[in-house]
Amino acid sequence: TQLEVEDINIGIASANPKLNDAQLNGAGITIHGLNGDKTLTWDNSNSRLSFNTNLYAPNFFVGGITATGDVDFDGDLDVDGHTELDQLRVSGVSTFTSTVEITPSSNVKGLVIDSTSASTESNPHITLRGNGPQSIDFRDSGSGNGDGLKIAYRTSPNQWKLEKSESSTYNFLVADRDDGRVE
């Protein structure tokens, strides 16, 4: 059996006078089925339409989403704006195409690498890859960029250096990668 409606709108509880949201509580559509009914109902206590089954919408656009339970995304998540996460756990490779800035609040560690629960690595490590030079820069938070100390690997010449942050020519220690010579 099929119901065809030529009008562009189906009204539920559309009689006059109009009902308020509390009076509409539980109103909706039910599709009866052998494996359980599928319903779309007005839930006044949460001020929303509720589905009792999965909702599939391949091109669903909304202005805001509030999830009070677990959310499972089986595809890519594209966020065009600021994302604030209270906790983030990544169980795979993460790729960043721009600067990653870690700004901890007071009494919070900035970056901790902990391999105590890792199954494949026995020692934590950091790998910097690129065409060089690669460096780790430790700076004072004073005025401007601040004074600092940089550990750098320079590919031309092939050297590891402990140098002043403000100048790659002011070296405290230089180790030649090819012959092991230390200056």
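Note that this is a predicted model, so its numbers are computed, not measured. (Residues numbered from 1 in each chain as written. Predicted model: local features only at pLDDT ≥ 70, side-chain atom pairs only at ≥ 80, totals over all residues. Heavy atoms only, no water.)

1. Some points on the overall build of the protein
So, point 1. Along the protein, the regular secondary structure elements total 1 helix and 7 strands.
So, point 2. Listing every helix and strand of the protein by position from the N terminus yields α-β-β-β-β-β-β-β.
So, point 3. Taking all 183 residues of the protein together, 10% fall into the buried category.
So, point 4. By sequence separation, contacts in the protein at least 24 residues apart represent 5% of the contacts at least 6 residues apart.
So, point 5. For the protein, the exposed area adds up to about 16,700 Å²; of that, 49% sits on carbon and sulfur atoms. (Helix = DSSP H or I, 4+ residues; strand = E, 2+ residues; numbered from the N terminus. Buried < 20%, exposed > 50% of the residue type's maximum accessible area, 1.4 Å probe, protein only. Contact = heavy atoms within 4.5 Å. Areas by Shrake-Rupley, 256 points an atom, 1.4 Å probe, with all protein chains shown as cover.)

2. Looking at the pairing of strand β2 (residues 38-43)
So, point 1. Sheet topology note: the strand β1 (residues 28-31)/β2 ladder contains 4 bridges and is antiparallel. From the neighbouring strand, Gly 28 faces β2, where its bridge partner is Thr 41.
So, point 2. Bridge count for β2 against strand β3 (residues 48-51) is 4 bridges, and the pairing is antiparallel. Bridged to Trp 42 within β3 is Leu 49.
So, point 3. In sequence, β2 turns back onto β3 through a hairpin of 4 residues, with Ser 47 there showing a positive phi of about 55°. (Pairing = 2+ DSSP bridges.)

3. Here's the deal with the sheet that holds β2
So, point 1. Spatial strand order, β1-β2-β3: 3 strands in an open sheet with antiparallel pairing. For this open sheet the edge positions go to β1 and β3, each flanked by a neighbour on one side alone. Across the sheet, the mean angle separating the axes of adjacent strands is 20° when strand polarity is ignored. (Axes fitted to C-alpha atoms, helices over the stretch in contact; angles between N-to-C directions.)

4. Regarding the sheet that holds strand β5 (residues 148-155)
So, point 1. Judged by pairing direction, the sheet is antiparallel, and its 4 strands sit side by side in the order β4-β5-β6-β7 without closing on themselves. The sheet is open, and its two borders are formed by β4 (134-139) and β7 (171-176), each paired with just one other strand. Averaged over neighbouring strand pairs, the angle between their axes works out to 10° when direction is ignored.

5. Examining unusual backbone geometry
So, point 1. Phi angles above zero are rare outside glycine, and Ser 47 is one such case at about 55°.
So, point 2. Structurally, Ser 47 can be placed in the loop between β2 and β3.

6. Quick look at the pattern of salt bridges
So, point 1. Throughout the structure, instances matching the rule amount to 2 salt bridges.
So, point 2. The partner of Arg 181 in a salt bridge is Asp 176, with the nearest N and O atoms 3.4 Å apart.
So, point 3. Residue Arg 181 is classed as partly exposed on the basis of its relative accessible area of 40%.
So, point 4. Accessibility expressed as a relative area gives 12% for Asp 176, which makes it buried. (Salt bridge = Lys/Arg side-chain N within 4 Å of Asp/Glu carboxyl O.)

These figures capture arrangement, not role.
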